[in-house]
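Structural overview
One-letter residues, chain by chain:
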Amino acid sequence: MEQKVWCIRHGTALHNVLYEKIGIEAYNSPKYTDTHLVDKGHDESIALGKTWDEKKNIEIVFVSPLTRTIQTAENIFRGHNVKMVAIDDIMEYPQGIEHCNKRKNKSELQKVYENIDFSLIPEISTYWKENENLHELKNRSDKFKEFLKTRKEKNICIVSHSTFLKEFLLNDVGNIEEELQHCFPYEISTFS
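Before going into details, it helps to say that this report is about the structure given with it. (Residues numbered from 1 in each chain as written. Predicted model: local features only at pLDDT ≥ 70, side-chain atom pairs only at ≥ 80, totals over all residues. Heavy atoms only, no water.)

Once that is clear, we can look at the packing of aromatic side chains. Following the criterion strictly, the structure yields 10 aromatic pairs and no others. Ring geometry for Trp6 and Trp52: centres 6.1 Å apart, planes at 70 degrees, overall edge-to-face. Taken together, the residues Trp6 in strand β1 (residues 3-9) and Trp52 in the loop between α3 (39-51) and β2 (60-63) connect sequence positions 46 residues apart. The same class applies to Trp6 as to Trp52, namely buried. Plain terms: the ring middles of Phe164 and Phe168 are 6.0 Å apart, the flat faces sit at 20 degrees to each other, and that makes the pair stacked. In this pair, Phe164 and Phe168 both sit in helix α7 (residues 162-170), four residues apart, roughly one turn of the helix. One aromatic cluster in this structure is built from Phe62, Phe144, Phe147, Phe164 and Phe168. (Phe/Tyr/Trp six-rings, centres within 6.5 Å; stacked < 30°, edge-to-face > 60°. Helix = DSSP H or I, 4+ residues; strand = E, 2+ residues; numbered from the N terminus. Buried < 20%, exposed > 50% of the residue type's maximum accessible area, 1.4 Å probe, protein only.)

Here you go:
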């Protein structure tokens, strides 16, 4: 069975905006742990939800359990009855150093996002440890591809992050500074 997979980068988030003002501290400072969407990011994701025709065909959404991706997914699929499942494998790179990429504990997320299925993630992320390298990112991406092959759904959406999605889509992150567009559905049909 061939699957169609749409990959969407989250909307503009606090660390994206702060980077222009304070540089790398926006990523590395513990005070910016698990950043949220800013107004622009909410607008981007709501707009995609209103204009993306393929949304009606999506059978399941896999979402990174970081706040900005969950908010993006909820905005895009608002009013559309589709299952949304959080999965740690699709969190942003690198894990273990950039606090904007460190997720909240599962129990905290469950209290705020009642429409998300958190059953596939542990209370505390196993990826938040030492500074992740590109080989470990590739392993996460490959593990997630194998997981998708086990799924019965034909139309899948992934709401994740630029560097993870570049590895997932292209098998190469390339220049990390060249990021994917916020709230744009990239389609692939390579799973069978």
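Let us look at the pairing of β1. In terms of residue burial, β1 counts as a mostly covered element, since six of its seven residues are buried. Two elements, β1 and strand β5 (residues 155-160), share six bridges in a ladder whose sense is parallel. Among the inter-strand pairings, Lys4 is bridged to a residue of β5, identified as Asn155. (Pairing = 2+ DSSP bridges.)

With that out of the way, let us pick up the nonpolar core. Within the largest apolar cluster, 22 residues are counted, with the highest numbers of intra-cluster contacts made by Trp52, Ile58, Val61, Phe77, Ile116, Phe118 and Cys157. Secondary structure elements with two or more residues in this core: β1, β2, α4 (67-76), β3 (83-86) and β5. In terms of residue count, α4 provides more of this core than any other element does, three residues in total. Counting residues in hydrophobic clusters, the runner-up holds 19 residues, among them Phe62, Val85, Ile87 and Leu137. (Core = buried A, V, L, I, M, F, W, Y, C linked by side-chain atoms within 4.5 Å.)

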